[in-house]
Amino acid sequence: MTEFYLSKQDVEDLVIGAAILGTGGGGDPYIGKLMVLQELEKGRKIRVVGVDDVDDEAFVVPVAAMGTPVVLIEKIPSGKEALYSLKLLENYFKRKVDFISPIEAGGINSTIPLVIAAERSLPVIDADGMGRAFPELQMVTYHVYGIKASPMAISDERGNAAILDTVDNFWAEKIARVITVKFGGSAWIAIYPTFGKPYKEAAIRGSISLAIEIGRALRESKAHGENPIDALLDVTHGFMLFKGKIVDIQRFNIGGFARGEATIEGLDEHKGSKLVIRFQNENLVAIRDGEIMASVPDLITVLDSESGKPITTERLRYGLRVIVIGIPCNEKWRTPKGLETVGPKYFGYDIDYVPIEVRMRKGDQL
């Protein structure tokens with residue numbers, strides 16, 4: 001299936017799947033869901049197209065929110081903010097956009113491109129630049145494949161806006177992050193403008209349809225009285241890491257990021273063990289009794305143990321009974337350039353990246 005129109009059920013499934021792929025980040029999926037459903041209720045259509053449907057010369061622009069996810073709970077967007085950034089970028093290039101793209105698969109940043117696509121009657125590409133969520137602007141496969149983040153547009157809900165043209169993608173992150181903090185902790189961006197040919201080489205394909213498939217698998221397994229966690233692990237090729245209760249949560253807003261860690265005390269087969277998850281907007285590393293269980297760029301997701309629904313980092317709280325799973329990342333992140341960009345050493349952890357499936361096989365042999 002290379003082209004399809006989103007139904008309301010697709011949106012319900014997508015936000016669950018995107019929150020799981022978001023590894024705790026990407027913003028509150030519930031807010032984004034309401035925004036997309038509102039567009040469909042207006043009678044607007046959202047057309048999703050495959051990467052190979054994009055012409056080599058087509059003008060492609062990802063749109064997204066950036067900043068601290070917890071701020072979006074208090075500063076609920078209207079949907080016009082990202083649209084304003086897109087218009088600014090079109091004015092800069094004196095060219096209309098042909099295709100909208102997500103920048104990441106996670107939370108509100110999976111749904112904002114859908115809102116913009118609906119309002120502008122533009123197709124949205126079934127792909128993104130992460131296959132998950134990451135906290136910094138250069139942490140996309142677009143960067144790995146040499147696409148420039150700027151010129152980019154950034155705006156807020158008041159109408160403040162700027163066009164940035166930076167020397168590289170790290171400077172785009174630094175400058176945009178400072179502006180985001182001045183905007184009050186959240187901002188709306190149109191970024192990584194590019195053409196179809198380089199986009200097709202760099203993008204992670206099928207992220208929208210995968211998110212829908214994950215949400216559908218969870219929904220249908222529950223309807224059939226089956227274990228939703230088993231269904232989730234099947235569709236994501238993931239691994240069960242830990243089951244327990246959150247006994248401590250530390251969260252700080254530092255430098256425009258939500259940083260912190262959650263401590264989970266084991267239950268059932270994990271009784272007597274503790275798992276610590278450290279996060280920077282997204283979950284970065286899971287450590288069980290001092291031993292690394294999983295690390296970026298593989299995905300670490302926390303789920304409610306009863307419903308199987310994902311829990312974002314801003315929603316983690318004491319007493320929640322949770323299941324932690326790990327999911328292999330896209331192969332583009334396992335290249336030397338990919339690991340240099342988003343591997344554990346970039347985030348300050350003095351550990352070598354080991355693919356989660358390798359860690360799990362070693363665990364089975366012990």
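Treat the numbers as computed from the prediction; the structure is a model and nothing was measured.

### What to know about the sheet that holds strand β17 (residues 299–304)
Pairing in this open sheet of seven strands is antiparallel, and the strands run β16-β15-β14-β13-β12-β18-β17 from one edge to the other. Across the chains shown, the open sheet's two edge strands, defined by having one partner strand only, are β16 (291–295) and β17. On average, each strand axis in the sheet is tilted by 35° relative to the strand beside it, whichever way the strands run. Pairing geometry for strand β13 (residues 257–266) and strand β14 (residues 274–280), over seven bridges, is antiparallel. Directly across from R259, in β14, lies its bridge partner Q280.

### Considerations on the packing of aromatic side chains
This model, assessed by the stated rule, comprises seven aromatic pairs. Between Y142 and Y199 the ring centres are 5.7 Å apart and the planes differ by 35°, which places this aromatic pair in the tilted class. Here Y142, found in helix α6 (residues 141–144), pairs with Y199, found in helix α8 (residues 196–202); they are 57 residues apart in sequence, far enough to count as distant. Owing to a relative accessible area of 1%, Y199 belongs among the buried residues under this scheme. Site record: aromatic cluster; members linked through ring pairs are F59, Y92, F93 and F195.

Cut-offs and rules
- Residues numbered from 1 in each chain as written.
- Predicted model: local features only at pLDDT ≥ 70, side-chain atom pairs only at ≥ 80, totals over all residues.
- Heavy atoms only, no water.
- Pairing = 2+ DSSP bridges.
- Helix = DSSP H or I, 4+ residues; strand = E, 2+ residues; numbered from the N terminus.
- Axes fitted to C-alpha atoms, helices over the stretch in contact; angles between N-to-C directions.
- Phe/Tyr/Trp six-rings, centres within 6.5 Å; stacked < 30°, edge-to-face > 60°.
- Buried < 20%, exposed > 50% of the residue type's maximum accessible area, 1.4 Å probe, protein only.

Read these as geometric descriptors, not functional statements.
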